[in-house]
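Remarks on the overall topology
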Amino acid sequence: MDHTKQTTNNDNWTVKDSELLYGLDRWGKEYFSINEKGNITVSPKGKKEESLDLMLLMKELKSRNLKSPLLLRFDDILEDRLEKLNQAFDSAISHYNYKGIYKGVYPIKCNQQRHVVEEIVACGRKWHFGLEAGSKAELLIALSLLNDPEALLICNGYKDKRYIETAILARQIGRQPIVVIEQSEEVDRIIQACKELGSAPLIGIRAKLSSQSNGRWGNSIGDKSKFGLSIPEILKAVEKLNNAGLLQELILLHFHLGSQINNIAILKNALQEAGQIYIELNRLGAPMGHLDVGGGLGIDYDGSQTATSASTNYSLQNYANDVVATIQECCQANHINVPTLISESGRAITSHFSLLIFNILGTSSVLRDVPPAKGKECLSVQNLRETLLSLSQYSENDLSKLQEAWNDALKFKEDALAAFRLGYIDLVERAMAEQLTWACAQALTTKLSKDQLIPKELRALKTALAETYYANISIFRSAPDTWAIEQLFPIMPIHRLQEKPNKLGDFADLTCDSDGKLSKFIDNGKVKSLLELHSINTGEDYWIGMFLGGAYQEVLGNLHNLFGTTNSIHIRLAENGGYKLDHVIRGNSKAEVLRAMEHESEQVLERLRIASESAIQKGTLKINDAQRFIDHIETSLRQSTYLQEKN
Ligand SMILES: *Cc1c(COP(=O)(O)O)cnc(C)c1O
């Protein structure tokens, strides 16, 4: 039946081919590879010897009744990322003989989940790694979890008086919050709060740099950005702080270029500019001592190492080297002590550690098998049959003939549609005409499989013929940035990689939204609209992984169509090999997502109970069935919002 299945020569296909095809060797480097069974393995500590077979893991989780979709969080990866970030700065510091230290902070907004923040604080203690808060709520998380007196707590975001007062008081319980001035008005608020409380917070100032970043978040800086103080504003703030006797608390200069800096040249310019401002602040009498380069350290999502939006043209080490070397140069030239360097790298710390795995519920594509002829057929169907025949006879080099035949096919299909509208042909004949048109398209794309100069419209046929894979997720919940800002993540099957993929497809999610699709895939610096996939084997799971989604996706995810969070599982490598599940965080039940919209499950249940009672009275529902119905509702309220796997 299925004419899309290309004849594949599996003997020649190896896991190496899969690695190249999906770019795993480029973006997965330290953490992901493929074993000889064709399954993806995770090496959470960045060493190939200690690895977990993802397929095996998924099967074992399934036996614990933890079914896909699942969010797997590898805390060892989180720890390893922290280690790599600190190592990169340590090695730059010793390479350039920098006379200061690096003391990073984790921006909580990247992933505020308690287990994640706790893990970062615990693992980061050896470097006195701190936290960054961008709102009052995040400040509460940071204050309660950061109990290392040497770690920094950077307070960003707009601040009212209470925010400032909380920070002042927290200093007295041994925390080190630095209140970063983001707006001119905050200067007066700080001065006021200090007067009232009789003590002061540590103060930082955020500069609006003129160096322009490009890319998605580029407008976080520049003259029009909504954050930070311009140079005249900075001078005014310094004067005010000085008059209020608070200049001695000004210890930090901050800037933030926007997330995912693609091009290192932009960072260098910004560093030079910030370096000069730092020196000026020093000259004006502020003690300073800290320079915070903000976030923006990028992730190479497609592994292309280019200055494109899904990539970066620098490595972690390049980044650290540039920060250290540029600031050192600046300070040396001006005979000023170098500052403690701070970065607020969120994406770079959390992207790798979480991995979304979802199952495929089924596939669909246009019917394109040739319908058997039956008796006398209408003219357009006859014509389409002839066109199909001629298509199979032309050689693949006969591009113009092939194109002409396709134009004919489209014309005959139009004829059939017109005839149907006028009542000359019936539904069966119309269906035949459509199916034959797709059969022509299939014949054509099979001919055009080689790399040739294929006209654009013929190329589009591939997309039209592609398979839709129905994914048991909501992208609005689990991959919101793919929809909101067309972000690319590596997406690929986690098994069957020793097998040549024989389909091209994209993914449709569970929501009733035509935007609920994953149809943009990494392609080594480019983007492709279809992904190579396998045909589904009956009775077998087909599991797809979305990688590098640990930053921002969970928190930006929304309840569109009331799909709640998936189960998330924290996994650590065990001492004796193998793994242990540190935390299992149950995904939202239907009762929970209903409650989020003010629908109480008790009410839902009660209304349906009343409705079924009256149906019993009317005799349209048997008592047994009424009970079964209520049982269904009760169970359903307790269960996940996702589809239950059939296997
Ligand atoms: C968002 C943000 C960050 C984190 O940026 P990443 O690109 O994730 O490292 C850091 N600092 C500030 C001020 C931010 O707004």
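Now for a look at the structure at hand. Here the structure is a predicted model, which is why all the values come from computation and not from measurement.

All right, on to the overall build of the protein then. On a plain count of helices and strands, the protein comes out with 22 helices and 23 strands. A principal-axis box enclosing the C-alpha atoms of the protein has dimensions of 100 × 75 × 55 Å. Out of the 647 residues in the protein, the part that is buried amounts to 54%. A separation of at least 24 residues holds for 75% of the contacts in the protein among residues at least 6 apart in sequence.

Around the ligand, the surrounding shell holds 16 residues, and the nearest of these are K109, S259, E344, G346 and Y552. Residue S259 places a side-chain N or O atom 2.5 Å away from an oxygen atom belonging to the ligand. The separation between an oxygen atom of the ligand and a polar main-chain atom of G296 is 3.0 Å. Starting from 390 Å² of accessible surface for the ligand in isolation, the protein chains cover 91%. Class assignment of the residues belonging to the shell around the ligand gives a composition of two nonpolar, nine polar and five charged.

Here the focus is the pairing of strand β22 (residues 567–573). The buried fraction of β22 amounts to seven of the seven residues, a majority that puts the element mostly inside the structure. Side chains of β22 alternate between two faces, with N567, I569, I571 and L573 and S568, H570 and R572 buried alike. By the bridge criterion, five bridges tie strand β4 (residues 70–74) to β22 in an arrangement that is parallel. Considered in β22, the bridge of L72 is made with I569.

To continue, consider the sheet that holds strand β2 (residues 40–42). The strand order across the open sheet formed by three strands is β1-β2-β3, and the pairing between neighbours is antiparallel. A single partner strand is all that each edge strand has here, and the edge strands are β1 (32–34) and β3 (52–53). Relative to β3, β2 runs antiparallel, the two being bridged by two bridges. Its bridge partner being in β3, V42 is matched across the sheet by L52.

Once that is clear, we can look at helix α22 (residues 623–638). In this model, α22 (16 residues) spans 23 Å end to end at C-alpha, consistent with the 22 Å of a helix rising 1.5 Å per residue. Considered for burial, the residues of α22 that qualify are A626, I630, I633 and L637. The buried residues of α22 occupy an angular sector of 55° when the element is viewed end-on, so they sit on one face. Exposed side chains of α22 directed beyond 90 degrees from the buried face belong to N624, R628, H632 and R638. Where α22 is buried, its residues contact α20 (590–596) and α21 (601–618).

Definitions and cut-offs
Residues numbered from 1 in each chain as written. Predicted model: local features only at pLDDT ≥ 70, side-chain atom pairs only at ≥ 80, totals over all residues. Heavy atoms only, no water. Helix = DSSP H or I, 4+ residues; strand = E, 2+ residues; numbered from the N terminus. Buried < 20%, exposed > 50% of the residue type's maximum accessible area, 1.4 Å probe, protein only. Contact = heavy atoms within 4.5 Å. Near = heavy atom within 4 Å. Polar contact = N/O pair within 3.5 Å; in protein donor to acceptor, adjacent residues only side chain to side chain. Areas by Shrake-Rupley, 256 points an atom, 1.4 Å probe, with all protein chains shown as cover. Nonpolar A, V, L, I, M, F, W, Y, C, P; charged D, E, K, R; others polar. Pairing = 2+ DSSP bridges. Expected span 1.5 Å × (residues − 1). Arc of directions from axis to C-beta.

Honestly, it's all geometry; don't read function into it.
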